[in-house]
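# Notes for the structure review
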Amino acid sequence: MAVVYVLLVVLVTQASCLEPCRMEDDECHFHFDLNYNLTMVKDRNALYPKGGKLYKYDVINTTSATPVSIEGVATADGWEDSRLVILVNGLFPGPQMEVYEGQTINVHVTNSLMSEAVTIHWHGLHQRGTPWMDGVAFITQCPILPGQSFTYRFKARPKGTFWYHTHIGGIRSMGPYGALIIREKKRLREKEFVFTVTEWNHDWDSNLLQTKRTEGMFVDRKKIRWTHSLDGAGYSSFGFHSALINGRGRYFDPDTGKDNEAPLEVFTVTQDASFVFRVVCVGVELPFRISIDNHDLTVIATDGYDLRPFTAESFIINPGERYDFRIHTDKPVGNYWIRAKTLEVGVDHFGLAILRYEGAPGTDPTSSRRVCTRRNKCVVVNCPFLFYPEEENTDCVTFDQLRSKDEDPAPSAPIGRKEEQFLNFGFDGVSGWIGSVNGRSFIMPPVSALTQPDQIGLKCDQDCGVKKSCQCPYSLDLDHGKTYQLIFLNMGDGKGYSHPVHMHGHSFYVLKMGYPRYSARTGKFIGDNKDINCRGRSCNDATWADLHWHGDNIPGLELKNPPRKDTIIVPTGGYVIVRIVADNPGLWFMHCHMELHSIIGMALMLNVSFPLVPQPPPGFPTCGSFHYKTPAPKNKYLIDMKNDGVDDKNNKLEATDRLGKCVY
């Protein structure tokens, strides 16, 4: 009887843990199943959009037909020709995870894909004590192969806005991502909304685009033109068709400007209240400027860390970043556009959602974006450049002008020359279109580097980056407990893009950002920042131009109350100074979060306190390459045939057919 009682308790406990996390739970369980899906299909029926609703393919008169529920449909931008997507639990984006700080999280992942391996990265979580749960293929674990399953188990900390996504190759653009919100264990004072934002191409994914980059960027016999922001920083064309907010958007015909009336995300609010929005940029490459018509946005947090509230007309968010903002619904009851506009100039690329006051009709907004004037300028937070042209009447606030909400001084331990490292993110000027850091283009080890370090086998030569370009698993060794000052650069022959650099395993203090020289009239880039001595055209062996600069002795450092982040934009021609304490043993990936830049080598590993890395759980998977080195033992069937007096040569093919394998 006692055995039955214990079994019953276990079953009840497991069942309750499958429900959404409650504040009182110590441990929570989630189940992720990754599988292929198609956009604009439901119950084996093709769909099309009309009037913000969906209808079956064979409906002719939509005024008298019952629309199809959009629940469970990957609508994307409403393009009727389905695109293959990879989804978590059939949802686009994946299920939103909401947990509480300090809880133990178990995520049981099943790879039901036929052709792709996967891992899941928990973007922004430090994984302190569980570095092998960071979810980076060939860095912290082996890939989860088709048909396999893997359980992630880690602590939910720190609090804030995070997300999860696949971290292998270029499949993130196919949809396997979702928001991860870690809340404090106290009741909410305000209602919250979460939205993801990304660019969308209803024909391509990152793998196809990367191959086009290599083989030739053409569509309809025309070469694809790359775009750029107002400072001249480039964007390699992902082939923008639309932008999606929470997986929904509209396709606008480039010739007529008319949209296809696809369903949009709607956020319903009450009048005369305050609401918090948590925004996650899950995009492939493009930054977005976020605004809401007739409403100011008060930025209150980024990447899980609270900021002193800063009110602006809009803010810019780059791939991998998260921003929380608050609005006050003090406007007349109605519908207002939420806008996500790319920073590209010369094209009009944007996405839309709807802010709907209770009592407003279920129609599209007629609101307009605010007009910026000399007397009433627009303020934009997190600019990747210093200023807009004067005629735009827009003021930039760069990220290093923001401050942490609570006093949180930067680590102040002495910083030696070894603890100040210059890292140049760009493209290898020698080999062409190859991403690199300090001239070293990152290639993945053939094993799980963290848990199989003695089998990595590949090393970077000492003269890589300056005298020659290399492809290798570049790593930077950091000693335990030391404070490191890292200078992220974007200079030399390999510049041209502004890179959102993401660090795993840590959140860094942002002490200063250095920008390039711009034309005072147009705002366009005209030269690298002069604070840096590149010591060569590549800028892969950089140092300070002023030899007296070092550690705290650098003008303009914010040491008293710097903001913290895990993803920061590094402006082309400029630099960012960050500081961390190497107190989280592990092997932490650091890379540009433009998916296309990361997969071509713009990355490195931070090797932190490796002797102190905890052992992985028993049975943790291993992997590696296989090279045939010694002759295989003679086949049992051939040995038997020889013993029976059967001629080996005449029967080798027959034995091969029986066994289904080659005989040597």
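Basis of the calculations
Residues numbered from 1 in each chain as written. Predicted model: local features only at pLDDT ≥ 70, side-chain atom pairs only at ≥ 80, totals over all residues. Heavy atoms only, no water. Salt bridge = Lys/Arg side-chain N within 4 Å of Asp/Glu carboxyl O. Helix = DSSP H or I, 4+ residues; strand = E, 2+ residues; numbered from the N terminus. Buried < 20%, exposed > 50% of the residue type's maximum accessible area, 1.4 Å probe, protein only. Polar contact = N/O pair within 3.5 Å; in protein donor to acceptor, adjacent residues only side chain to side chain. Contact = heavy atoms within 4.5 Å. Phe/Tyr/Trp six-rings, centres within 6.5 Å; stacked < 30°, edge-to-face > 60°. Lys NZ or Arg CZ within 6 Å of the ring centre and 35° of its normal. Core = buried A, V, L, I, M, F, W, Y, C linked by side-chain atoms within 4.5 Å. UniProt positions renumbered as here; feature names shortened; annotations may be inferred. Disulfide = S-S within 2.5 Å. Pairing = 2+ DSSP bridges. Axes fitted to C-alpha atoms, helices over the stretch in contact; angles between N-to-C directions.

### Some remarks on the pattern of salt bridges
- Tallied over the full model, the rule gives 35 salt bridges.
- The closest approach of N and O atoms between E27 and R153, which form a salt bridge, is 2.6 Å. Of this pair, E27 sits in strand β1 (residues 27-38) while R153 is found in strand β9 (residues 149-155), placing the two residues 126 residues apart along the sequence.
- In this structure E27 comes out as partly exposed when scored by relative accessible area, which is 28%.
- For K377, the salt bridge identified is with D395, shortest N-O distance 3.9 Å. Residue K377 is located in the loop between β26 (350-357) and β27 (378-381), and its partner D395 is located in strand β28 (residues 394-397); the two are separated by 18 residues in the primary sequence.
- Overall, D395 belongs to the partly exposed group, its relative accessible area being 36%.

### As for the side chain of H550
- Relative to the assigned elements, H550 resides in the loop between β40 (543-544) and β41 (564-565).
- A polar atom in the side chain of H550 sits 2.6 Å from the backbone oxygen of I415.
- Here H550 is in contact with I415, G416, R417 and E420, once residues within four sequence places are set aside.

### What to know about the packing of aromatic side chains
- By the definition in use, this model includes 33 aromatic pairs.
- Consider the rings of W79 and Y251, whose centres lie 5.0 Å apart with planes at 75°: the pair is edge-to-face. Of this pair, W79 sits in the loop between β4 (53-56) and β5 (84-88) while Y251 sits in the loop between β17 (242-245) and β18 (266-269); the two residues are 172 residues apart in sequence, bridging distant segments of the chain.
- Owing to a relative accessible area of 28%, W79 belongs among the partly exposed residues under this scheme.
- Each residue in the set F193, F195, F267, F275, F277, F315, Y323 and F325 is aromatic and connected to the rest through ring pairs, giving one cluster.
- Sitting over the ring of Y474, R440 keeps its end group 4.8 Å from the ring centre.
- Directly above the ring of F399 sits K565, whose terminal nitrogen or CZ lies 5.3 Å from the centroid.

### Overview of the nonpolar core
- Residues W122 and F488 are the most contacted members of the largest nonpolar core, which totals 125 residues.
- A410, Y509, Y575 and I577 belong to the second-largest nonpolar core, a separate cluster that totals 17 residues.

### Observations regarding the environment of W132
- Position of W132 among the secondary structure elements: in the loop between β8 (120-123) and β9.
- C-alpha of W132 to C-alpha of E215: the two residues are 83 residues apart in sequence and 36 Å apart in space.
- Beyond its immediate stretch of four places on either side in the chain, W132 contacts T140, L450, T451, P614, Q615, P616, P617 and F620.
- A polar contact is formed between the side chain of W132 and the backbone oxygen of P614, at a distance of 3.0 Å.

### A short note on the UniProt feature "domain: Plastocyanin-like" (unreviewed entry) in the protein chain
- Annotation from UniProt places "domain: Plastocyanin-like" (unreviewed entry) at residues 83-186, 193-360 and 470-608.
- For the annotated span residues 193-360, helix accounts for 6% and strand for 46% of the residues, and the straight-line distance between the end C-alpha atoms is 19 Å.
- With 3% helix and 44% strand, residues 470-608 has its two end C-alpha atoms placed 23 Å apart.

### What about the state of the cysteines?
- Going through the model one piece at a time under the given rule, you end up with 7 disulfides.
- In this model C383 forms its disulfide with C396; the gap between the sulfur atoms is 2.3 Å. Disulfide C383-C396: torsion about the S-S bond near -90°, hence left-handed. One end of the pair, C383, is in the loop between β27 and β28; the other, C396, is in strand β28, and 13 residues separate them in sequence. Neither C383 nor C396 differs from the other in exposure class; each is buried.

### Looking at the pairing of strand β24 (residues 322-328)
- Of all 7 residues making up β24, 5 are buried, and the element is well covered by its neighbours.
- Taken together, the 7 bridges between strand β19 (residues 274-281) and β24 define a ladder with antiparallel strand orientation. Across the sheet, V280 pairs through a bridge with R322, a residue of β24.
- With 4 bridges connecting them, strand β21 (residues 297-302) and β24 associate as antiparallel partners. Across the sheet, the residue bridging to V299 is F325, located in β24.

### Description of unusual backbone geometry
- In this structure, P93 follows F92 across a cis peptide bond, with omega equal to -5°.
- With respect to the helices, strands and loops of the structure, P93 is situated in the loop between β5 and β6 (97-100).
- Backbone geometry places A76, a non-glycine residue, at a positive phi of 50°.
- Mapped onto the secondary structure, A76 falls in the loop between β4 and β5.
- Accessibility expressed as a relative area gives 1% for A76, which makes it buried.
- Positive phi, normally seen in glycine, also occurs at R535, with a value near 55°.

### Some points on the sheet that holds β8
- Taken in spatial order, the 4 strands make up an open sheet running β6-β11-β10-β8, and their pairing is mixed. The outermost strands of the open sheet, each flanked by one partner alone, are β6 and β8. The sheet shows a mean angle of 25° between the axes of neighbouring strands, taken without regard to direction.

### Structural notes on the sheet that holds β4
- Read from one edge to the other, the open sheet built from 3 strands follows the order β2-β3-β4, with strand pairing classed as antiparallel. On the outer flanks of this sheet lie β2 (41-42) and β4, each paired with one strand and no other.
- The pairing of β2 with strand β3 (residues 45-50) spans 2 bridges and is antiparallel. Directly across from K42, in β3, lies its bridge partner N45.

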